[in-house]
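Observations on the three-dimensional arrangement
One letter stands for each residue in the lines below.
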Amino acid sequence: MHKEIILASASPRRITLLKEWGLSFGVVPSGFDEKTNLIKPSYLVKNLAYQKGLFVADKYPNSLIISADTIVVLNGRIIGKPKDKKESKDIVRELNGSKHKVYTGVTLIYKDKKSIFYDVAHVKMKKLSEPELKQLFGKHMDKAGSYAVQDSGDNFVDKIYGDYYTVVGLPYIKLKKELKKFNVHLL
């Protein structure tokens, strides 16, 4: 594989995952404004991932661009990253003991070739006490749903139905399959 790969994201989780999966890549955060009027979760994550990828692909036309977007959906309502600590507190309380969905959209762009896909995982949260919840308030301001499944200290997620990595921010199974179409192979 001779083409340069660029992750259009500054997400530490996505960077770590791609390194663990054996990819050599550069990081160029898209800086794309994520405001949208889309309300169907699958369209939303695919569209935002595509827009982020396109933003970077325009600057690096000979590189394979990987971009992604993740949201939490509770009772049909889309929950993104909290704006402030108060919103983080509200989100964590609302997710306490809930069952919700996590959608991650991914786009791969290399010259005229594109792959746009998404995955969804179902997440069951533990019912935590108020003191336990307080430890999470404002802790994950950069994550949709204001929690981190990969943070073992959180102890908030009870069970995941689907691809664990979809909840982290990159669906491994689907990404591995789609990258093969670009002659890129994950471990």
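Above this text you will find the structure in question.
Quick summary incoming for the structure in this document. Residue positions are counted from 1 within each chain, in the order its sequence is given. For this predicted model, a pLDDT threshold of at least 70 governs which residues receive local features, and a threshold of 80 or more governs which side-chain atom pairs are given and counted, while totals over whole chains, interfaces and linings are taken from all residues. Excluding hydrogens and water, the side-chain figures rest on all heavy atoms present in the structure.

1. A closer look at the packing of aromatic side chains
- Ring geometry is summarised as follows: Phe, Tyr and Trp rings, the Trp one being its six-membered ring, pair when their centres sit within 6.5 Å, and such pairs are stacked at plane angles under 30 degrees, edge-to-face over 60 and tilted between the two. Taken as a whole and judged by the stated rule, the model has six aromatic pairs.
- Aromatic side chains Tyr 165 and Tyr 172 sit 6.2 Å apart centroid to centroid with 55 degrees between the ring planes, which places their arrangement in the tilted category.
- Throughout this description, buried means an accessible area under 20% of the type-specific maximum (1.4 Å probe, protein chains only), exposed means over 50%, and partly exposed covers the range between. You can call Tyr 172 buried: its relative accessible area is 17%.
- An aromatic cluster is present here, built from Trp 21, Tyr 164, Tyr 165 and Tyr 172 joined pairwise through their rings.
- In this analysis the charged atom, NZ for Lys or CZ for Arg, is taken to sit over a ring once it is within 6 Å of the ring centre and within 35 degrees of the ring normal. Positioned over the ring face of Tyr 43 is Lys 40, at 4.6 Å from the centre of the ring.
- Of note, Lys 174 hangs over the ring of Tyr 118, and the distance from its end group to the ring centre comes to 5.7 Å.

2. Here we look at the nonpolar core
- Only buried Ala, Val, Leu, Ile, Met, Phe, Trp, Tyr and Cys residues count toward a nonpolar core, and they belong to the same one when joined by side-chain atoms within 4.5 Å. Core analysis: the biggest nonpolar cluster contains 43 residues, and Tyr 147 and Leu 175 have the highest contact counts within it.
- Working definition: helices are DSSP H or I runs of at least four residues, strands are E runs of at least two. Numbering for both runs from the N terminus. A per-element tally of this core places strand β3 (residues 64-74) first, with five residues.
- The contact criterion used throughout is that any non-hydrogen atoms of two residues lie within 4.5 Å. The contacts of Leu 175, once residues within four sequence positions are left out, are Leu 18, Trp 21, Val 106, Leu 108, Phe 117, Leu 170 and Leu 186.
- Ranked by size, the runner-up nonpolar core spans seven residues in total, among them Ile 6, Val 28, Ile 65 and Ile 109.

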